[in-house]
Amino acid sequence: MFDQALITQLAAELDHSEKTRVQVEHFSKRYPGMTVEDGYAISRAWVQMKIAEGRVARGHKIGLTSRAMQISSQIDSPDYGTLLDDMFFEPGDIPAARFIAPRVEVELAFVLKKKLEGSHITVDDVLDATDYVQPAIEIIDARIEQFDRHSKAMRKVQDTISDNAANAGIVLGGRKVSPQGIDLPWVGAILRQNGVVEETGLAAGVQGHPAIGVAWLAMKLAPWGECLHAGEVVLAGSFTRPVAAKAGDRFDADYGPLGRFEFLFS
């Protein structure tokens, strides 16, 4: 396990990378003994730095929810990060200069009305604690370079976790619906980039049911003495592959009966 001095140092490197938009090399390459637990410790330290600067935690995101992504990352479970207030964007113009290497993913957001806490949480518990579900786009980014600049090797999951699970932005749009009022696994979406269909998918791609990840997250937080609180937003995980974005790209996210919205990287 990393000591606190190293955790703080690496968290500061991520913070500097985000502010300067200059990526850093893989932590797992520099420190071959790095563990998943070290990654979470770095992520938490970075989030605390942001909170000390005035940011406010508004929820969490869950990543690596599809089996294909887990296999490619050599991990058998999802990961998670913290959503902060400055990550939330309205449909419309989104400043491309805010990001280093943005990619967008199609998701559903769960907005809670009750606390979710404990080590035994079911899908029904999640649905009962949810105020509403809403279409969402997650913007992921890479403060740690995705591919090593020398070997071109892909970063490891420890790197992604330390980078706040690649968390960078969230766009909420479309209709707010009761979780009991719709068959969530069958919610579908079409993602168009500059008028071209780039991705389609069903929410069932998120472990069979998007609420499964929310339950997993609440149980994952329990050993830290933490929980999911009323009012928090939880991104349940992408059911499409990430699509690279650049300045000038216009995206159209169509969730059928749940509505559609557009945004532009300006």
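Attention in this report is confined to the structure presented alongside it. Please read these numbers as outputs of a predicted model, since none were measured by experiment.

Cut-off values and rules
- Residues numbered from 1 in each chain as written.
- Predicted model: local features only at pLDDT ≥ 70, side-chain atom pairs only at ≥ 80, totals over all residues.
- Heavy atoms only, no water.
- Helix = DSSP H or I, 4+ residues; strand = E, 2+ residues; numbered from the N terminus.
- Rg over C-alpha atoms; globule rule 2.2 N^0.38 Å.
- Buried < 20%, exposed > 50% of the residue type's maximum accessible area, 1.4 Å probe, protein only.
- Contact = heavy atoms within 4.5 Å.
- Areas by Shrake-Rupley, 256 points an atom, 1.4 Å probe, with all protein chains shown as cover.
- Lys, Arg positive; Asp, Glu negative; His and termini not counted.
- Charge placed at Lys NZ, Arg CZ, Asp CG, Glu CD.
- Expected span 1.5 Å × (residues − 1).
- 1 Å grid on protein atoms, 1.4 Å probe; cavity = no way out; pocket = protein on both sides within 12 Å on 5 of 7 lines; lining within 4 Å.
- Points joined across faces, edges and corners; volume = space filled by probe spheres on them.
- Nonpolar A, V, L, I, M, F, W, Y, C, P; charged D, E, K, R; others polar.
- Salt bridge = Lys/Arg side-chain N within 4 Å of Asp/Glu carboxyl O.
- Polar contact = N/O pair within 3.5 Å; in protein donor to acceptor, adjacent residues only side chain to side chain.
- Pairing = 2+ DSSP bridges.
- Core = buried A, V, L, I, M, F, W, Y, C linked by side-chain atoms within 4.5 Å.

### A closer look at the overall build of the protein chain
Within the protein chain, the regular secondary structure consists of seven helices and 13 strands. Taken over the C-alpha trace, the protein chain has a radius of gyration of 18 Å; the compact-globule value for 266 residues is 18 Å, and the two agree within 12%. Across the 266 residues that make up the protein chain, the buried fraction comes to 55%. Across the protein chain, the fraction of contacts at a sequence separation of at least 24, relative to all contacts at a separation of at least 6, is 76%. Carbon and sulfur atoms make up 54% of the accessible area of the protein chain, which amounts to about 11,300 Å² in all. Counting 28 positive and 36 negative side-chain charges, the protein chain places the averaged centre of each group 3 Å from the other.

### Section: helix α7 (residues 210–221)
End to end, α7 covers 18 Å across 12 residues, agreeing with the expected 16 Å (1.5 Å per residue, within 8%). Of all 12 residues in α7, nine are buried, a share of seventy percent or more. Contact partners of the buried residues in α7: α3 (36–52), β1 (57–63), β2 (79–84), β5 (103–112), α5 (123–129) and β10 (233–235).

### Looking at the layout of surface pockets
Empty space within the second largest pocket amounts to approximately 300 Å³. Forming the boundary of the second largest pocket are 18 residues, of which Arg 44, Val 47, His 60, Thr 82 and Glu 226 lie nearest the centre. Those elements giving two or more residues to the lining of the second largest pocket turn out to be α3, β1 and β2. Taken together, the residues that form the lining of the second largest pocket break down as seven nonpolar, eight polar and three charged.

### Things to note about the pattern of salt bridges
Across all of its chains, the model carries 22 salt bridges by this definition. For Arg 55, the salt bridge goes to Asp 85, with nearest N and O atoms at 2.8 Å. In this pair, Arg 55 sits in the loop between α3 and β1 while Asp 85 sits in the loop between β2 and β3 (88–89), placing the two residues 30 residues apart along the sequence. Residue classification places Asp 85 among the partly exposed residues on the basis of a relative accessible area of 25%. The residue Arg 98 makes a salt bridge to Asp 86 at a minimum N-O spacing of 3.6 Å. Of the two residues, Arg 98 sits in the loop between β4 (92–94) and β5 while Asp 86 sits in the loop between β2 and β3, which places them 12 residues apart along the sequence.

### What to know about unusual backbone geometry
Within the chain, Arg 21 stands out as a residue other than glycine whose phi angle is a positive 60°. Take Arg 21: it is sitting in the loop between α1 (4–20) and α2 (27–30). The class of Arg 21 is partly exposed, set by a relative accessible area of 39%. One non-glycine residue, Asn 164, adopts positive backbone phi at about 50°. Within the secondary structure, Asn 164 sits in the loop between α6 (157–162) and β7 (167–172).

### Thoughts on the environment of Gln 207
With respect to the helices and strands, Gln 207 occurs in the loop between β9 (196–202) and α7. Apart from the residues lying within four places of it in its own chain, the contact partners of Gln 207 are Thr 65, Pro 78, Ile 212 and Gly 213. In this structure the side chain of Gln 207 is engaged in a polar contact, spanning 3.5 Å, whose partner is the backbone nitrogen of Gly 213.

### Structural notes on the environment of Ile 94
You can see Ile 94 is positioned in strand β4. Given the relative accessible area of 0%, Ile 94 is considered buried. Excluding its chain neighbours within four sequence positions, the residues that come into contact with Ile 94 are Phe 89, Phe 99, Ile 139, Val 171, Phe 263, Leu 264, Phe 265 and Ser 266.

### Details of the pairing of β5
The buried fraction of β5 amounts to 10 of the 10 residues, a majority that puts the element mostly inside the structure. Of the two faces of β5, both are covered, the one formed by Arg 103, Glu 105, Glu 107, Ala 109 and Val 111 as well as the one formed by Val 104, Val 106, Leu 108, Phe 110 and Leu 112. Judged from the 10 bridges that link them, β5 and strand β6 (residues 130–140) form a sheet pairing that is antiparallel. Directly across from Glu 105, in β6, lies its bridge partner Glu 138.

### Points about the nonpolar core
Phe 110, Ile 137, Tyr 255 and Phe 265 are the most contacted members of the largest nonpolar core, which has 52 residues in total. For Tyr 255, the residues in contact, after removing those within four places along its chain, are Val 106, Glu 107, Leu 108, Pro 135, Ala 136, Ile 137, Val 187, Gly 188, Ala 189, Phe 239, Arg 260 and Phe 261. Of all hydrophobic cores here, the second largest spans 14 residues; its members include Val 24, Ala 41, Ile 42 and Trp 46.

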